[in-house]
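The lines below spell out each chain.
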Amino acid sequence: MSTLCSCLRLTFCLDIGANLTDSVFRGVYHGKRDHPDDFDDILTRAWDANVDKIIITSSNLHDVHEALKICSHDARLFTTAGVHPCRANDFEKSGNPDKYLQRIITEIETHRDKIVAIGEFGLDYDRFFFAEKDVQLKYFEKQFEIVRRFPDLPLFLHNRNTGDDFLNIMQAHRGEFQHGVVHSFTGTADEMYQMLSLGFYIGTA
């Protein structure tokens, strides 16, 4: 579970990047059961460690549906909605990329109480074996249609080894969002400061 805690006045702790839809949290690794489902125990340990709220990271439309099911059982759980760069091919696999995007928008409209950020979306140039560069770029840009529909929602972004491409795209869209987090950041100090200047927080891999 990727964790970034923001503690305010030492009384509030929020995990903004929990990949709780992954089957490993149910004891299943690479399609095979390794141990009994201990999902509830995992959450109990988080609450016992004084985590106040958790945002589940969604990587595609299926994840959004699964995350919302999990969130329905606990008022302290929330989720994101978007398509991770490594899942960018899901747009075309769906047979209708525009409809796929609209389904994500509909989920946000329907579940504004639980969907609290747009993402995880962005670019990942270390993992072209999941989605090639041109596909990632195309659907990174396409998801700004979601951003324009919900300008008040923060962005949960992914940026790994992308040179200037990610930063250039974010600068081009600066008037369409307020703030967010750039996760899996592996860039230089100069890139980091430029991200900060755009109003982002930084999360490492």
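Going by the structure above, here's the rest.
Analysis parameters
Residues numbered from 1 in each chain as written. Predicted model: local features only at pLDDT ≥ 70, side-chain atom pairs only at ≥ 80, totals over all residues. Heavy atoms only, no water. Helix = DSSP H or I, 4+ residues; strand = E, 2+ residues; numbered from the N terminus. Contact = heavy atoms within 4.5 Å. Buried < 20%, exposed > 50% of the residue type's maximum accessible area, 1.4 Å probe, protein only. Arc of directions from axis to C-beta. Salt bridge = Lys/Arg side-chain N within 4 Å of Asp/Glu carboxyl O. Phe/Tyr/Trp six-rings, centres within 6.5 Å; stacked < 30°, edge-to-face > 60°. Lys NZ or Arg CZ within 6 Å of the ring centre and 35° of its normal. Axes fitted to C-alpha atoms, helices over the stretch in contact; angles between N-to-C directions. Parallel < 35°, antiparallel > 145°, perpendicular 65-115°, else oblique. Left-handed = near helix turned anticlockwise from the far one by under 90°. Nonpolar A, V, L, I, M, F, W, Y, C, P; charged D, E, K, R; others polar. Pairing = 2+ DSSP bridges. Core = buried A, V, L, I, M, F, W, Y, C linked by side-chain atoms within 4.5 Å.

Trainee: Is there a simple way to think about the environment of Trp 47 in this case?
Mentor: Along the chain, the position of Trp 47 falls in helix α1 (residues 39–48). In this structure the C-alpha to C-alpha distance between Trp 47 and Met 192, which are 145 residues apart in sequence, comes to 32 Å. Filtering out sequence-adjacent residues up to four positions away, Trp 47 remains in contact with Asp 52, Lys 53, Ile 54, Asp 74, Arg 76 and Leu 77.

Trainee: What is the right way to look at helix α7 (residues 165–172) in this model?
Mentor: Given 3.6 residues to a turn, an α-helix orients residues that are three or four positions apart in the same direction. Along α7, the positions that sit buried rather than exposed are Phe 166, Leu 167, Ile 169 and Met 170. What you see down the axis of α7 is that its buried residues fit within an arc of 165°, all on one side.

Trainee: Even after reading the chapter, I still don't get the pattern of salt bridges, so can you show me in this structure?
Mentor: Should the charged atoms of two oppositely charged side chains come close, the side chains can pair. In this structure the tally under the stated criterion is 13 salt bridges. When the shortest N-O distance is used, the salt bridge between Arg 87 and Asp 90 registers 3.4 Å. Overall, Arg 87 belongs to the partly exposed group, its relative accessible area being 35%. Exposure remark for Asp 90: the relative accessible area of 12% places this residue in the buried category. Between Lys 138 and Glu 92 there is a salt bridge, with the nearest N and O atoms lying 3.7 Å from each other.

Trainee: Whenever I open this one, the packing of aromatic side chains confuses me. Can you help?
Mentor: The geometry of an aromatic ring pair comes down to the distance between the two centres and the angle between the two planes. What the rule picks out here adds up to nine aromatic pairs. Ring centres of Phe 140 and Phe 166 lie 5.6 Å apart, and the angle between their planes is 5°; on these two criteria the pair is classed as stacked. Of the two residues, Phe 140 sits in helix α5 (residues 133–142) while Phe 166 sits in helix α7, which places them 26 residues apart along the sequence. Aromatic ring contacts, followed pair by pair, group Phe 121, Phe 140, Phe 144 and Phe 166 into a single cluster. Over the ring of Trp 47 we find Arg 76, and its NZ or CZ is 3.9 Å from the ring centre.

Trainee: What is the right way to read unusual backbone geometry from this model?
Mentor: Note: most peptide bonds trans; most residues except glycine with negative phi. Each neighbour pair has its own omega, and for Gly 119 with Glu 120 the value is 5°, a cis peptide bond. The phi dihedral of His 30 falls on the positive side, at around 55°, and the residue is not glycine. For His 30, a relative accessible area of 84% translates into the label exposed. Of note, Ser 184 is a non-glycine position whose phi angle comes to about 60°, a positive value. Within the secondary structure, Ser 184 is located in the loop between β8 (180–183) and α8 (189–197).

Trainee: Explanation requested: the packing of α5 against α7 in the structure shown.
Mentor: When two helices pack together, their arrangement is captured by the angle between the axes and the distance separating the axes. Two numbers describe how α5 lies on α7: the axes approach to 12 Å, and their chain directions differ by 20°. Looking at the two axes, α5 sits roughly parallel to α7. The element α5 and its partner α7 pack so that their crossing is right-handed. Residue-level contacts link Lys 133, Leu 137, Phe 140 and Glu 141 of α5 to Asp 165, Phe 166, Ile 169 and Met 170 of α7. Classifying every residue of the contact of α5 with α7 gives five nonpolar, no polar and three charged.

Trainee: What's the story with the pairing of strand β1 (residues 14–18) in this structure? I'm lost.
Mentor: Here is the key point about a regular strand: its side chains alternate between the two faces of the sheet. The buried fraction of β1 amounts to five of the five residues, a majority that puts the element mostly inside the structure. Where β1 lies against strand β4 (residues 53–56), three bridges are found, and the strand directions are parallel. From the neighbouring strand, Leu 14 faces β4, where its bridge partner is Lys 53.

Trainee: Is there a simple way to think about the nonpolar core in this case?
Mentor: Of all hydrophobic cores here, the largest spans 38 residues; its most connected members are Phe 140, Leu 155, Leu 157 and Met 170. Residue assignment for this core shows that the elements contributing at least two residues are α2 (61–71), α4 (97–110), β6 (115–124), α5, α6 (144–149), β7 (155–160) and α7. A per-element tally of this core places α4 first, with five residues. The residues contacting Phe 140, other than those within four sequence positions of it, are Phe 121, Gly 122, Leu 123, Leu 157, Phe 166, Ile 169 and Met 170. One finds Ala 18, Leu 20, Ile 54 and Ala 67 within the second-largest nonpolar core, a separate group that totals 15 residues.

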